[in-house]
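Geometric and topological summary
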Amino acid sequence: MKKNEYKILGVMSGTSLDGIDLAFIHFNKIGHWSFKIESSATIPYSGDWKADLTNAIEQDPEELQELDERYTGYLAKVISKFIKDNNITDLDAVCSHGHTIKHEPENGLTLQIGNLPELAELTGQTVVCDFRVQDVALGGQGAPLVPIGDELLFPEYKFCLNLGGFANVSTSVNGKRLAYDICPVNTVLNYYAEKLGMEYDRDGDIARSGHLNPELLEELEALPFYKLPAPKSLGIEWVNKEVLPVLKKYEADIPSILRTWCMHVALQISKELGNEEDADVLVTGGGCFNTYLIQQIKKMTQTQLVIPSVEIINFKEALIFGFLGVLKLRGEVNVLSSVTGAENDHSSGVIFLP
């Protein structure tokens, strides 16, 4: 008989390299799923880890294996410390995304490090992880995986919009869940903020001080990805290959790059949200704190943007990867083929015992 209550630690590391997000969550199923985040934290990456994870895409297989082992050990320490600091006992599982190094579903490849069996041994916990590989093997994009959580945990919203390293959206159309990546957000904004000696553009103040560059905006709007039909997903490889070469031509004026990029993001998002005045949009991810970006999105859509508690903004992905782990433990579907393009719905991830 399946349980109706789970104590889960959800763990997420995103492409924007903000750090490792951890959320201790109680899940309950009484007719429908509900949750409560009991405690949470983000552990920032050191400069060395940021450099290692940024440069990993260039490494050969042997170097990647070494990094995978080292990162798994580091992740285990972070998880164990969080469990100890928050006096957490009787966990059903640690459900961890790992950190994406390569995501090339068109080549049948996706790699998230930190998903080795040693994670269970080192933490002494049951671990559910490596959620993307099976979907790619089934012909899917391996992303986005959050929409099953949007559907079951946040059913009251017409759209769920995430503004993280990349913007992605999920919604139901004729009873079928659809979701896909829209465009990069913080991967680009943070890249240029760091060139000015800042981790990120606080409140979008630098972007606000810049000027809109119509020539640059026209080039960005013409990128071929935006014409592709869903399902579709983005990785840092695409940013490096398609976006940065365009932006580098204008680097003499970084504030204007940031302002133009925010306008580009708002334009792309508005095309996906449409203009239903009574449509509520749950907005999460670090981009919520960029008030300039949020203002631009609001200007371009009639939908109602709903910005939830800081806890949901910061830890929604950790929450939902925890939920994906619960569904895996129950042997229930946690990846939707309508979203990823895989051959069929399936229950993805691997379970490691300590």
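Residues numbered from 1 in each chain as written. Predicted model: local features only at pLDDT ≥ 70, side-chain atom pairs only at ≥ 80, totals over all residues. Heavy atoms only, no water.

Concerning the overall build of the chain
Just so we agree on the cut-off: Secondary structure elements follow DSSP: runs of H or I of four or more residues count as helices, runs of E of two or more count as strands, with numbering from the N terminus. Each radius of gyration reported is based on C-alpha atoms, and the globular scaling rule is 2.2 Å times the count of residues to the power 0.38. When checking whether two residues touch, look at their non-hydrogen atoms; a contact exists if any pair is within 4.5 Å. To measure how exposed things are, a 1.4 Å probe is used in the Shrake-Rupley method; for residues, cover is taken only from the protein chains shown. Working convention for charge: Lys and Arg count positive, Asp and Glu count negative, and His plus the chain ends are omitted. Lysine's charge is taken at NZ, arginine's at CZ, aspartate's at CG and glutamate's at CD.
Scanning the chain from N- to C-terminus turns up 13 helices and 13 strands. Over its C-alpha atoms the chain spans a radius of gyration of 20 Å, differing by no more than 12% from the 20 Å that the globule rule assigns to 354 residues. C-alpha extents for the chain along the principal axes are approximately 60 × 45 × 40 Å. Here the analysis covers contacts within the chain between residues at least 6 apart in sequence; of these, 69% occur between residues at least 24 apart. By element, 51% of the accessible surface of the chain is carried by carbon and sulfur atoms, the whole surface being about 15,200 Å². Computed over 30 positive and 49 negative side-chain charges, the inter-centroid distance for the chain is 4 Å.

Regarding the packing of aromatic side chains
The test is simple: Pairing of aromatic rings covers Phe, Tyr and Trp, the last counted by its six-membered ring, and requires centre-to-centre distances within 6.5 Å; plane angles under 30 degrees mean stacked, over 60 mean edge-to-face, and any other angle means tilted. Exposure classes here rest on a 1.4 Å probe applied to the protein chains alone. A residue is buried below 20% of its type maximum, exposed above 50%, and partly exposed in between. As a reminder, the over-ring test applies to NZ of lysine and CZ of arginine, requiring each to be within 6 Å of the ring centre and within 35 degrees of the ring normal.
Summed over all chains, the structure comprises 12 aromatic pairs. Look at Trp33 and Phe323: their rings are 5.2 Å apart centre to centre, the planes differ by 80°, and that puts the pair in the edge-to-face class. Placement of the pair is Trp33 in strand β3 (residues 32-43) and Phe323 in helix α12 (residues 310-329), with a sequence separation of 290 residues. A relative accessible area of 7% means that Trp33 is categorised as buried. Ring geometry for Phe225 against Trp238: centres 5.4 Å apart, planes inclined by 55°, an arrangement best described as tilted. Within this pair, whereas Phe225 is found in the loop between α8 (214-221) and α9 (236-247), its partner Trp238 is found in helix α9, the two being separated by 13 residues in sequence. The structure contains a cluster of three or more aromatic residues connected by ring pairs, namely Tyr6, Phe27, Trp33 and Phe323. Its guanidinium or amino end placed over the ring of Tyr6, Lys3 lies 5.1 Å from that ring's centre, counting from NZ or CZ. In this arrangement the basic side chain of Lys232 is found over the ring face of Phe225, its NZ or CZ atom lying 4.5 Å from the centre.

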